[in-house]
Number of protein chains: 2
Amino acid sequence: MNYSIGNFAAITNLSVYTLRYYENEELIVPGRKANGQRYYSEADISWIQFIKRLKATGMPIKEIQKYAKLRSQGDLTMPQRMEILVKHRAILQARITDLQENFTKLDEKINYYKSKM
Amino acid sequence: MNYSIGNFAAITNLSVYTLRYYENEELIVPGRKANGQRYYSEADISWIQFIKRLKATGMPIKEIQKYAKLRSQGDLTMPQRMEILVKHRAILQARITDLQENFTKLDEKINYYKSKM
DNA sequence: TGTTGACTTCTAGTTAACTCTAGGTTGTAT
DNA sequence: ATACAACCTAGAGTTAACTAGAAGTCAACA
């Protein structure tokens, strides 16, 4: 089944603007019908979900772009892609740890001031 | 002890540009010498550390601004300030949970693909 | 047939949070 | 006295990631 950009936007919860922007940035390149209109596939849905996950964990568009480029070059680029993901995982782990520490400090401050009220 | 903007920048690890920007946004308002030059106090150091913590946990400048405004109005605004912090704590907790979930998913993906290599 | 409504491209505008430039003044060291 | 660094203001420029506008094409429906 193929989807128009409008339908695909509804499915993925992204705006059509954003989808065209992502295409411009070469994150996701849909097919084109004879009349020039874009169409997106089922596979594009899981791909966009993955892009959203990378974004949600703070990976910048430029980095996702690199990943997308490798992906479009086929299975042989798997090692490089894994390298990107493994590095990103480390960054993410560090960020979580950092946030947890800041959470604790903030929590302490709140409790301290609450005890004085 | 008072600090010039340059010294204060070195101490806080912020650029002088950023400090002037923060002043413009009314996050931190240093004193002024007779000749117009800014000076920062010891108390400003811990205040800026706190601002940095709020920033590090994703609080936008506009929100920090609200907090700073209340703070400048004295002790009576403590309850409102606590409210901001408690809300922020909740947001932060949710963000950490979300990141942890995404971390797990990413980790699973990496392990899955690594097992096939 | 005509008028929506969804699509197209290209380009400009927006927002956050800085970051820098220009042009000028002040403080310190030789 | 003269450099020279550090300070001042006002305003412009930057970057990321969208977001929107203008002008036009095309298919479907009353």
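This text goes with the structure placed above it.
Keep in mind that what you see is a predicted model, and the values were worked out from it rather than measured.

What's the story with the protein's contact with DNA strand D in this structure? I'm lost.
Close contacts around DNA strand D come from 15 residues, with Tyr22(A), Ser4(B), Gly6(B), Arg20(B) and Arg38(B) the closest. Counting only the atoms of DNA strand D within 4 Å of the protein, the fraction contributed by sugar and phosphate is 82%. Here Ile61(A) contributes a backbone N or O atom positioned 3.3 Å from a phosphate oxygen of DNA strand D. The side chain of Arg32(B) places a nitrogen or oxygen atom 3.0 Å from a phosphate oxygen of DNA strand D. Broken down by secondary-structure element, the contributors of at least two residues to the surface near DNA strand D are α2 (16-24) of chain A together with α1 (5-12) of chain B. Per-element tally for the surface near DNA strand D: the top contributor is α2(A), with four residues. Each residue belonging to the surface near DNA strand D can be placed in one class, and the counts come to six nonpolar, five polar and four charged.

How should I be thinking about the protein's contact with DNA strand C in this particular structure?
Near DNA strand C lie 16 residues; those nearest to it are Gly6(A), Arg20(A), Arg38(A), Tyr22(B) and Asn35(B). Protein-adjacent atoms of DNA strand C, using a 4 Å cutoff, are sugar or phosphate at a proportion of 78%. Between Lys55(B) and DNA strand C, the recorded distance is 3.3 Å, taken from a side-chain N or O atom to a phosphate oxygen. Only α1 (5-12) of chain A together with α2 (16-24) of chain B provide two or more residues apiece to the surface near DNA strand C. In terms of residue count, the dominant contributor to the surface near DNA strand C is α2(B) (four residues). Broken down by class, the residue content of the surface near DNA strand C amounts to six nonpolar, six polar and four charged.

Conventions used here
Note on numbering: residues in each chain are counted from 1, in written sequence order. Going through the entries in the order they are written, you letter the chains from A and number the ligands from 1. Residue-level local features of this predicted model are given only where pLDDT is at least 70; pairs of side-chain atoms are given and counted only at 80 or more, and the full residue set underlies all totals for whole chains, interfaces and linings. Side-chain descriptors were evaluated using all non-hydrogen atoms of the structure, hydrogens and water having been removed beforehand. Working definition: residue near molecule or strand if any one of its non-hydrogen atoms lies within 4 Å of it. Polar contacts here mean pairs of N or O atoms no more than 3.5 Å apart (in protein, one a potential hydrogen donor and the other a potential acceptor; neighbouring residues in sequence count only if both atoms are side-chain atoms). Helix and strand definitions follow DSSP, with helices as H or I runs of at least four residues and strands as E runs of at least two, each counted in order from the N terminus. Residue polarity follows a fixed list, in which Ala, Val, Leu, Ile, Met, Phe, Trp, Tyr, Cys and Pro are nonpolar, Asp, Glu, Lys and Arg are charged, and the others, Gly among them, are polar.

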